[in-house]
Amino acid sequence: QGPLVLANPSPAVEEVIKLAGYGDYFAIYPTVAEAITAVKARDALRLPGQKLNDQYQIVENLGQGNAGTVLKVLDLKSQREAALRVLSPSFGVETMDHFVSQVQHLIDLKHRNIARIFDSDWILDGNHTFIVEEFLEGQTLAARLEQDHQPLATDEALDLALDLTLALEYAHSRGVVHGNLKPDDIFL
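Residues numbered from 1 in each chain as written. Predicted model: local features only at pLDDT ≥ 70, side-chain atom pairs only at ≥ 80, totals over all residues. Heavy atoms only, no water.

1. Structural notes on the overall build of the chain
Heads up, the rule is: What counts as a helix is a DSSP run of H or I of at least four residues, what counts as a strand is a run of E of at least two, and both are numbered from the N terminus. Per-residue accessibility, obtained with a 1.4 Å probe over protein chains only, is compared with the maximum for each type, and a residue is labelled buried under 20%, exposed over 50%, and partly exposed between these values. Residues count as neighbours in contact if any of their non-hydrogen atoms are within 4.5 Å of one another. The accessible surface values rely on the Shrake-Rupley method and a 1.4 Å probe; as for residues, cover is taken only from the protein chains in view.
For the chain, the count of helices and strands is 5 helices and 8 strands. Its helices and strands in sequence order give the chain the pattern β-α-β-α-β-β-β-β-α-β-β-α-α, from N to C terminus. Within the chain, the proportion of its 188 residues that are buried is 29%. Across the chain, the fraction of contacts at a sequence separation of at least 24, relative to all contacts at a separation of at least 6, is 43%. Total accessible area on the chain is roughly 11,800 Å²; 54% of this is exposed by carbon and sulfur atoms.

In structure tokens, the structure reads:
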């Protein structure tokens, strides 16, 4: 289930949502028409077989979160599977502008502990931006911790900490800051 959709709420309502810490639960649009368009687009992203920008064929919907929808796709040009993340249209203009300005830095990152970014573009409707990244399979740190209900072994935790430190040091040295690193983003 996605965020609740609000069309043209008053500044006071937006401030209450923000102060209460529920900003991630609402997708806010300036008009009802834009909200309807975004909801229809979100629903369309659940359709296996659909093509995005004549290059990415949807294989399956992998999930939806605060940042947007993640799809497993087949890149028809390279014939490789990839993860395509359609960024949530609820992000503000500043966030989207910052993202667009950083994309080439992300594509240039090449490190064994960082998922490769292959492409970024707008979906043909022009209202949704997406990023295409390496498709990773396997367990996340969050799933592992939840499954075992105990901390990682010391050696494993130290190895993971070193890998994360090297990856972050590499990214930071190239002007890229993750900004939201969490156990769900860390593949073991």
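2. A look at unusual backbone geometry
Even without a glycine there, the phi angle at Asn53 is positive, about 55°. Along the chain, Asn53 turns up in the loop between strand S3 (51–52) and strand S4 (56–65). We note that His149 has phi near 55°; this positive angle belongs to a residue other than glycine. Assessed through its relative accessible area of 68%, His149 is described here as exposed.

3. Structural notes on the sheet that holds S3
Threshold: Here a strand pair is declared whenever DSSP counts at least two bridges between the two strands.
Within the open sheet, the 6 strands sit side by side as S3-S4-S5-S6-S8-S7. Their pairing is antiparallel. Of all strands in the sheet, those bounded by a partner on one side alone are S3 and strand S7 (117–122). The pairing of strand S5 (residues 68–75) with strand S6 (residues 80–87) spans 8 bridges and is classified as antiparallel. The partner of Leu71 across the bridge, within S6, is Leu84.

4. Describing the pattern of salt bridges
The test is simple: Salt bridges are defined by distance alone: a side-chain nitrogen of Lys or Arg within 4 Å of a carboxyl oxygen of Asp or Glu.
One pass over the full model with this rule turns up 6 salt bridges. Ionic pairing is found between Glu81 and Lys72, a salt bridge with its closest N-O pair at 3.5 Å. For Glu81, a relative accessible area of 39% translates into the label partly exposed. Between Lys182 and Asp185 there is a salt bridge, with the nearest N and O atoms lying 3.3 Å from each other. One continuous salt-bridge network, built from bridges that share partners, spans Arg144, Asp148 and Glu156.

5. Examining the packing of aromatic side chains
The criterion, for reference: Two aromatic rings, drawn from Phe, Tyr or Trp (for Trp, its six-membered ring), form a pair once their centres lie within 6.5 Å of each other, and the interplanar angle then sorts them: stacked below 30 degrees, edge-to-face above 60, tilted otherwise. Whether a charge sits over a ring comes down to the Lys NZ or Arg CZ being within 6 Å of the ring centre and within 35 degrees of the ring normal.
By the definition in use, this model includes 1 aromatic pair. One cation-aromatic arrangement involves Arg80 over Phe118; the distance from NZ or CZ to the ring centre is 3.7 Å.

6. Here we look at the environment of Gly65
Relative to the elements of secondary structure, Gly65 occurs in strand S4. Measuring from C-alpha to C-alpha, the distance between Gly65 and Ser88 comes to 8.6 Å, with 23 residues separating the pair along the chain.

7. As for the nonpolar core
Put simply, the test is: Only buried residues count toward a nonpolar core. Its members are Ala, Val, Leu, Ile, Met, Phe, Trp, Tyr and Cys residues joined through side-chain atoms within 4.5 Å.
Counting residues in hydrophobic clusters, the biggest one holds 14 residues, and the most contacted among them are Phe99, Leu106, Leu109 and Ile114. Of all the elements in the fold, those that place two or more residues in this core are helix H3 (93–108) and helix H5 (154–173). Counting residues per element, this core draws most heavily on H3, at 5 residues. Each residue touching Phe99, except ones within four places of it in the same chain, is listed here: Leu87, Leu106, Ser120, Thr129 and Ile131. In this structure, Ile58, Val73, Ala82 and Val132 belong to the second largest nonpolar core, which totals 10 residues.

8. Structural notes on the side chain of Asp75
Here Asp75 shows up in strand S5. Among all residues touching Asp75, those that are not within four sequence positions of it are Gln55, Tyr56 and Arg80.

9. A word on H5
Selection criterion: For a helix, the expected span equals 1.5 Å multiplied by the residue count minus one. An arc is given here, and it is the one of the directions from the helix axis to the C-beta atoms.
With 20 residues, H5 extends 28 Å from end C-alpha to end C-alpha; this agrees with the ideal 28 Å at 1.5 Å per step. Within the span of H5, buried status applies to Leu160, Ala167, Tyr170 and Ala171. Relative to the axis of H5, the buried residues are bounded by an arc of 100° and lie together on one face. Away from its buried face, by an angle of more than 90 degrees, H5 presents the exposed residues Thr154, Asp155, Leu158, Glu169 and Ser173. Among the residues trailing H5, Gly175 stands out with phi positive, at a value near 80°.

Read these as geometric descriptors, not functional statements.
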